[in-house]
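Here is what each chain is made of, one letter per residue.
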Amino acid sequence: MTDHFALVCVDVLHGDVDRLFHYAIPKDMFVIAGMRVRVPFGKGNKPIFGVVMEVVQNPPSDINLNKIKSIDSVLDGFPVLTQDNIALAVWMKEKYYCTLASVVRCISPSAKADGRFPMARKKKTAVTSLKVSRAAITLTEPQQFAVDKITDSLKKGATVAPFLLHGVTGSGKTEVYLHVIENVLKQGRQAIVLVPEIALTPQMVSLFTARFGTQVAVTHSRLTAGERFQIWKQAFDGEIGLVIGPRSAVFAPFANLGLIVIDEEHEHTYHSETTPKYDAREIAVKRGKLTNAVVILGSATPSLESYFRTQEVENDEKYTLIELPERVNKTNPDVTVLDMRAEVARGNMSIFALEFQEALKETIASGHQAILFLNRRGHSSFVSCRWCGFVLACDQCRVNHTYHADKNRMLCHYCGTGTTMPKKCPACNSKHIKMYGMGTQKIEEEVKSIFPDIGILRMDMDTTRGKFGHAKVLESFKKGEAQVLIGTQMVAKGLDFPQVTMVGVVAADLSLHTGDFRAGEYTFQLLTQVSGRAGRALHPGKVFLQTYNPEHYAITLAQKADYKSFYHHEMALRRMMVYPPFSHVFSIMFSGAEEKKIIIALQKLLAIMGYCNTRDGRDRFHVIGISPAFVSKIKNAFRWKLLIKCIEEEPLKAFVLYCIKKLKENDPMTGITVHLTLDPIMME
């Protein structure tokens, strides 16, 4: 009889089996925590996969030893979860209201259906020494202060608060990262660098490989499963010292992690939109505490919550602020706000203001380059009949179809389905059907009509498909093969091209009208970031912000890149409305095929919350009624939600979970999926 037992997280994602199961470890079998195993499960003893979370000598006394099944086999000769990632998984399960199995799937490398890991065709040569092939740049005084302060903290590890590196665009934050990472690698430790977009990876990787050679590996969703596993295994085996990638790179299985960098920490892409709905910034801070690693959050426009933690938080959540207040080249771009209402009044019905067009002509004539930004892809936002008002929309999702001129098709940006552009209105058979609004394709079309002989590149989801899609566009622009780069938010941050002297924002107020309380913050961040792409080298930069709301504080303060004034203005509004960071917001979304059933279930939950909230006379929770989600139907699943606010996080969590438990006791909610998100980054 064995004297050791494994607590196994089985690969079953149903919430009703969200617990660990005891399995006996045969005496001739070597098993440690983190290993994948095959175990018999259920009444039929169906063989399924699982991960050992803990090895114990004795199971609880209330378990019948004779009924404990044995592990069938061990799948690999190594653990897929490190000790710190096991602890992280348990924390994530509680933090993000999901099953442990879903977290384990998220953290561990993906396997095939037969349990084997996919392998890449080529194996990268292992590197055991640090190579520096590019001379380090001489640091400015603020940069040197930042490097010294962070490097000193590496000796203290998790006892040091995370650093918020607030540096204006062009202030050299990346060079600070490079110097600190060099010190980390020389200590024999490893580092993780997170970037918000795959689009930023090519430039970032070239900078880091120039400094550290083949110690660097990059991972992202466009690699094959085999390539991603290869990088995972190299990190696990200590063959590489630095992993760069989007949010999932935060789980890289380094044995001696010394540093985690979150570049452009304000970006909402660090928040997962699929279960588990984790925030990579929170994961980084937690993992830093578990591994004694230092965490740097860097941004020219920090999220208000992060900056708040440097100013008004006194507990263990406080961050240490380090500032880089000036550009390395000491020059800031000249930013002009263009009132499009005045353009209409003077008879200019073009997409571009006259001053905008003139500046673009001068930029091209001088041999320099321009970046034009519009955060909407496609050609036209929607197609409507001018006779009856019918708008073409997706049958599976409650969103308008977007017209894509290159395919001459109407596409849904949520489910991907599409149809050909109709010649007549499907509703009234009228020929008066017209495209409205604009996307990056329409901007490209307009620029080509004005400058037919210049090179133009477009960078959006449609032009960057494939593993090297982003890199090809950026490399072409870097070589000067095009004078104008048109793009969505992919071009708004992180890019550094010396010849770019003009940036034009076609619709600066586009993100102001989303209905999200963070709309002003997103707008300020986006405009400040994209403005920072101009004039980063020897030539002065010019930026033009076209808007129908020139008086809005997010736009006027972005014009001056005045983050601190924006912070104080926005925080005054948040404090008055009791929105984060002065409270916590819980989003409860129900989704399913039957809309009426979803609404009834939410009404029942609302009644339970109303009763429980006022039962003790305190009324401490503020429920913000039932409403359709921002996109109320996706892939034939209807989506309705309610929001609830409270100043304190723990009572809010307990209240929500208690009320949902009470609802499920009275209503099986068959066919309804519950999505819980605390402090969502984007209001769905």
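Computed from a prediction, not measured in an experiment: that's the story for all the values here.

**Here we look at the packing of helix 3 (residues 141–153) against helix 4 (residues 173–186)**
Here is step 1: Direction vectors running N to C along helix 3 and helix 4 enclose 35°, while the axes themselves pass 9 Å from each other. Handedness of the crossing formed by helix 3 with helix 4: right-handed. Here Q143, A146, V147, I150 and T151 of helix 3 come into contact with helix 4, specifically with E175, V176, H179, V180 and N183.
Here is step 2: Its residues placed into classes, the contact of helix 3 with helix 4 shows five nonpolar, four polar and one charged.

**Thoughts on the sheet that holds strand 25 (residues 622–634)**
Here is step 1: Spatially, four strands are ordered 25-26-24-27 in an open sheet, and the strand pairing comes out antiparallel. Two strands in the sheet have a free side with no partner beyond their single neighbour: strand 25 and strand 27 (672–678). In this sheet, neighbouring strand axes are inclined to one another by 20° on average, regardless of whether the strands run parallel or antiparallel.
Here is step 2: In this sheet, strand 26 (residues 637–646) lies alongside strand 25 in antiparallel orientation, the contact comprising eight bridges.

**Considering empty space enclosed by the protein**
Here is step 1: Counted according to the given criterion, the structure contains one cavity of 30 Å³ or more.
Here is step 2: In this model, the largest cavity occupies a volume close to 60 Å³.
Here is step 3: Lining the largest cavity are 10 residues; nearest its centre among them are C9, V17, D18, R19 and A101.
Here is step 4: For the lining of the largest cavity, the secondary structure elements donating two or more residues are strand 1 (5–10) and helix 2 (100–107).

**Side note on the packing of aromatic side chains**
Here is step 1: According to the stated counting rule, one finds 23 aromatic pairs in the structure shown.
Here is step 2: Between the aromatic rings of F21 and F41, the centroid separation amounts to 5.2 Å while the plane-to-plane angle is 90°, which identifies the pairing as edge-to-face. In this pair, F21 is assigned in strand 2 (residues 21–24) and F41 in strand 3 (residues 36–41), connecting sequence segments 20 residues apart.
Here is step 3: Aromatic pair F517 and Y579: ring centres 4.5 Å apart, planes at 5°, arrangement stacked. Taken as a pair, F517 in the loop between strand 22 (500–505) and helix 13 (519–531) and Y579 in the loop between helix 15 (563–577) and strand 24 (584–592) lie far apart in primary sequence, 62 residues in all.
Here is step 4: Grouped by ring-pair contacts, the aromatic residues Y307, F524, Y553, Y563, F566 and Y567 constitute a single cluster.
Here is step 5: The aromatic ring of F117 is capped on one face by R36, whose charged end is 4.1 Å from the ring centroid.
Here is step 6: Across the ring face of Y579, the terminal group of K645 is positioned such that the distance to the ring centre comes to 4.4 Å.

**A short note on the pairing of strand 1**
In regular strands, side chains alternate between the two faces of the sheet.
Here is step 1: Burial analysis of strand 1 places six of its six residues in the buried class, which makes it a mostly covered element.
Here is step 2: Going residue by residue along strand 1, you find F5, L7 and C9 tucked away on one face and A6, V8 and V10 tucked away on the opposite face as well.
Here is step 3: For strand 1 and strand 4 (residues 46–56), the ladder comprises six bridges, and the chain directions are antiparallel. Looking across to strand 4, one finds that F5 is bridged to V56.
Here is step 4: As paired strands, strand 1 and strand 2 are joined by four bridges and run antiparallel to one another. The partner of V8 across the bridge, within strand 2, is F21.

**Re the side chain of E267**
Here is step 1: Locating E267 in the fold gives a position in the loop between strand 10 (257–263) and helix 7 (280–291).
Here is step 2: Within the structure, E267 has its side chain in polar contact with the side chain of H266 (distance 3.1 Å).
Here is step 3: Once residues lying within four places of it in the same chain are set aside, the contact partners of E267 are P196 and K493.

**Considerations on the packing of helix 1 (residues 83–95) against helix 7**
Here is step 1: At a closest axis distance of 10 Å, the pairing of helix 1 and helix 7 adopts a crossing angle of 140°. Looking at the two axes, helix 1 sits oblique to helix 7. Judged by the sense of rotation from one axis to the other, the crossing of helix 1 with helix 7 is right-handed. Facing helix 1, whose interface residues are D84, N85, A87, L88, W91, M92 and K95, helix 7 presents E282, I283, K286, R287, L290 and T291.

**Some thoughts on helix 17 (residues 649–666)**
Here is step 1: Between its first and last C-alpha atoms helix 17 spans 27 Å; for 18 residues at 1.5 Å apiece the expected length is 26 Å, and the two agree.
Here is step 2: The complete set of buried residues in helix 17 reads E649, L652, K653, F655, V656, C659, I660 and L663. Along helix 17, the residues classed as buried sweep out an arc of 165° about the axis, all on the same side. Exposed side of helix 17, more than 90 degrees from the buried face: E650 and K661 are the residues found there.
Here is step 3: Residues of helix 17 that are buried sit in contact with helix 1, strand 24, helix 16 (595–614), strand 26 and strand 27.

**So, unusual backbone geometry**
Here is step 1: In this model, T275 is joined to P276 through a cis peptide bond whose omega is -5°.
Here is step 2: On the secondary structure map, P276 appears in the loop between strand 10 and helix 7.
Here is step 3: Located in the positive-phi region is E264, a residue other than glycine, with phi close to 50°.
Here is step 4: Its place among the elements puts E264 in the loop between strand 10 and helix 7.

**So, a nonpolar patch on the surface**
Here is step 1: Among the surface-exposed residues, V344, M349 and Y548 lie close enough to one another that they form a single nonpolar patch of about 330 Å² accessible area.
Here is step 2: Among the structural elements, V344 can be located in helix 9 (residues 340–345).

**A look at the nonpolar core**
Here is step 1: Core analysis: the biggest nonpolar cluster contains 89 residues, and M53 and M92 have the highest contact counts within it.
Here is step 2: Look past the residues within four positions of M92 in its chain and what remains in contact with it is Y97, C98, V103, I107, F251, P276, Y278 and I283.

**As for helix 4**
Here is step 1: The terminal C-alpha atoms of helix 4, which comprises 14 residues, lie 20 Å apart, in line with the 20 Å expected from a rise of 1.5 Å per residue.
Here is step 2: Within helix 4, 11 of the 14 residues are buried, which leaves it mostly tucked inside the rest of the structure.
Here is step 3: Listing the buried residues of helix 4 in full gives K173, E175, V176, Y177, L178, H179, V180, I181, E182, V184 and L185.
Here is step 4: The first or second residue beyond helix 4 is G188, which carries a positive phi of 80°.

So, how was this worked out
- Counting of residues starts from 1 at the beginning of each chain's written sequence and follows it residue by residue.
- In view of the model being predicted, local features appear only for residues whose pLDDT reaches at least 70, and side-chain atom pairs are presented and counted only at 80 or more, with totals across whole chains, interfaces and linings using the full set of residues.
- Water and hydrogen atoms play no part in the side-chain values, which are based on all heavy atoms of the structure.
- Every axis in this analysis is a line fitted to C-alpha atoms, fitted for helices over the stretch in contact. Angles between the N-to-C directions lie between 0 and 180 degrees.
- Helix numbers and strand numbers start at the N terminus; a helix is a DSSP run of H or I with at least 4 residues, a strand a run of E with at least 2.
- The crossing is said to be left-handed when, going from far helix to near helix, the turn is anticlockwise and less than a right angle, and right-handed when the turn is clockwise.
- Two residues qualify as a contact provided that any one of their heavy atoms is within 4.5 Å of a heavy atom in the partner residue.
- In this classification, Asp, Glu, Lys and Arg are treated as charged, Ala, Val, Leu, Ile, Met, Phe, Trp, Tyr, Cys and Pro as nonpolar, and every other residue, Gly included, as polar.
- One bridge is not enough; two strands pair if DSSP finds at least two bridges between them.
- Cavity: a set of points on a 1 Å grid over the protein atoms alone where a 1.4 Å probe fits but cannot get out. Pocket: an open set with protein on both sides within 12 Å along at least five of seven lines, its lining residues, like those of a cavity, having an atom within 4 Å of a point.
- Grid points are joined across faces, edges and corners, and a volume is the space filled by probe spheres set on the points.
- Centres within 6.5 Å are what make two rings of Phe, Tyr or Trp a pair, Trp counting through its six-membered ring; a difference in plane orientation under 30 degrees is then read as stacked, over 60 as edge-to-face, and the rest as tilted.
- To sit over a ring, a charge needs its Lys NZ or Arg CZ within 6 Å of the ring centre and within 35 degrees of the ring normal.
- Any residue under 20% of the maximum accessible area for its type is buried, any over 50% is exposed, and the rest in between are partly exposed; the area is computed with a 1.4 Å probe on protein chains only.
- Polar contact is the term for a pair of N or O atoms within 3.5 Å; when the atoms are in protein, one must be able to donate a hydrogen and the other to accept it, and sequence-neighboring residues count only if both atoms are side-chain atoms.
- By definition in this entry, angles of less than 35 degrees are roughly parallel, angles greater than 145 are roughly antiparallel, angles of 65 to 115 are roughly perpendicular, and the rest are oblique.
- Here, expected helix span is obtained from the residue count minus one, scaled by 1.5 Å.
- The arc in question is traced by the directions running from the helix axis to the C-beta atoms.
- Surface patches are defined over residues having more than 30% relative accessible area and no salt bridge, joining like charges when they lie within 9 Å and nonpolar side chains (Val, Leu, Ile, Met, Phe, Trp, Tyr) when within 5 Å.
- Surface exposure here means Shrake-Rupley accessible area, sampled with a 1.4 Å probe, where a residue is shielded only by the protein chains that are shown.
- What counts as a salt bridge is simple: a side-chain nitrogen of Lys or Arg found within 4 Å of a carboxyl oxygen of Asp or Glu.
- Within this scheme, the nonpolar core is defined by two criteria: the residues are buried Ala, Val, Leu, Ile, Met, Phe, Trp, Tyr or Cys, and they are joined through side-chain atoms within 4.5 Å.

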